[in-house]
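Working through the structure, step by step
Below are the chains, spelled out letter by letter.
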Amino acid sequence: MSFIDEVIGWYNNNKRDLPWRNTNDPYLIWLSEIILQQTRVEQGMPYYHRFAEKYPTISHFAAAGEDQILNLWQGLGYYSRGRNMYKTALMVMEEHGGYFPSQYEKLIKLKGIGEYTAAAVSSFSANEARAVVDGNVFRLLSRYFGIDEVINSPKGKKVFTQLANEVIDTGRPGLSNQAMMEFGSLQCRPANPDCGNCPLRTGCFACNTSSVQNFPVKQKKKATRDRYFNYIVVSDGEKVLMNKRTGKDIWENLHEFPLFETSHFVQAEELITTPGFRELFGENVKISLVHGPVKHILSHQRLFAQYIIIKGFEENFLMKKPWFYAKNDTLHDLAQPKLIFAFLKMFPTFNLI
DNA sequence: AATCCGGGGCC
DNA sequence: GGCCCAGGATT
């Protein structure tokens, strides 16, 4: 049996029953593939069900607004995926007559769809023979063939893409791609792979040289930076002051409390006496309560957030600011990062004030 | 080529 | 604390 025949044989006996494998609809497959980018199946599953139920077709999806998409995306991270999905939905309605494309060459032109996702959707929905190369495939190929090319580099990506397209079963590309990823995910997993029971062990370079932990070779990422977020909570118990983030920073278009960022940690009492603070929130503000600091890890940043509940906020300080009041019972309609929705979940009616 | 973009699970 | 996860866009 060839390499790919072994992988497919294993897949037929060990595959998980995942909902997006029971359809040929390129829209639903696209939905699942975007959700699963850099995201574990178990984490993305509830989101897939929510999206598929609320937006059963691309027309339903496009009829929503970006705010609604981001709201349903809340908590999943990498929010550009949600923003790009919405752009793609509009493109499909305008440029493809509301029919989600299934061909690689059309898919690759859409927002948020790169080589991996275009190969996945086209092979699963239309059986185009284009190999998917995700983290699972990198790992499986590098271990089995003993390839020490750095995977997170343009050259490495090229090398592994070529190899993946050489091993793909062109007679059944969709099945072949699914099998490669499932094998990498369950059998040839990152930590403690089950080499003793692996059907590929006799031909596997890494297994035969006891060097599984040496593959794949990956360039280490740069250290993260620290940021200090001071969230200013202004509430009368019925409504709360909110801000919608803009620009190229994290969490674009998500909502949060008015933010006062500092270059280092500053105690709340000291913070409100700094000149910049008074200019933003008024001369008469006083601290009611402080929550935190809360540590929050992102892929490239460490956030230290403290929530400063203040009183004495003057309404005329709303002038020329993007802030707005949101009623407590409408907060759930606003997409928020975890640092905000987790706080609101702890104090749903600001009963701490 | 390097960096940025979330949140969670595992070791 | 580091690594990884059905990656892609930007610079």
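In this report, we go over the structure that sits alongside the text. (Residues numbered from 1 in each chain as written. Chains lettered and ligands numbered in written order. Predicted model: local features only at pLDDT ≥ 70, side-chain atom pairs only at ≥ 80, totals over all residues. Heavy atoms only, no water.)

Considerations on the nonpolar core
- Ranked by internal contacts, the top residues of the largest apolar core, which has 98 residues, are Phe3, Trp30, Leu31, Phe61, Trp251 and Phe257.
- Here this core gathers at least three residues from each of two domains, domain 1 (3-133 + 154-183) and domain 2 (225-346). (Core = buried A, V, L, I, M, F, W, Y, C linked by side-chain atoms within 4.5 Å. Buried < 20%, exposed > 50% of the residue type's maximum accessible area, 1.4 Å probe, protein only. Domains from an automatic or database assignment.)

Examining the protein's contact with DNA strand C
- Taken together, 30 residues surround DNA strand C, and among them Gln38, Thr117, Asp134, Arg139 and Lys248 come closest.
- Among all atoms of DNA strand C positioned within 4 Å of the protein, those belonging to sugar or phosphate total 64%.
- Here a phosphate oxygen of DNA strand C and a side-chain polar atom of Asn136 are 3.0 Å apart.
- Residue Lys248 places a side-chain N or O atom 2.7 Å away from a phosphate oxygen belonging to DNA strand C.
- Taken together, the elements giving at least two residues each to the surface near DNA strand C come down to α8 (115-126), α9 (135-145) and α11 (173-187).
- For the surface near DNA strand C, a count of residues per class yields eight nonpolar, 10 polar and 12 charged. (Near = heavy atom within 4 Å. Polar contact = N/O pair within 3.5 Å; in protein donor to acceptor, adjacent residues only side chain to side chain. Helix = DSSP H or I, 4+ residues; strand = E, 2+ residues; numbered from the N terminus. Nonpolar A, V, L, I, M, F, W, Y, C, P; charged D, E, K, R; others polar.)

Some thoughts on the state of the cysteines
- Under the definition given, this model contains zero disulfides.
- With no disulfide of its own, Cys188 lies closest to Cys204 among cysteine sulfurs, the gap being 6.4 Å.
- For the unlinked cysteine Cys195, the closest cysteine sulfur is that of Cys207, found at 4.7 Å.
- Note on Cys195: relative accessible area 23%, which makes it partly exposed. (Disulfide = S-S within 2.5 Å.)

Things to note about the sheet that holds strand β2 (residues 239-244)
- Ordered in space as β3-β2-β7, the three strands form an open sheet in which the pairing is antiparallel. Taken across any chain shown, the strands that pair with only one partner, and hence form the sheet edges, are β3 (255-256) and β7 (324-327).
- Summarising the sheet, β2 and β7 pair through four bridges and their orientation is antiparallel. Following the sheet pairing, Met242 is matched in β7 by Phe324. (Pairing = 2+ DSSP bridges.)

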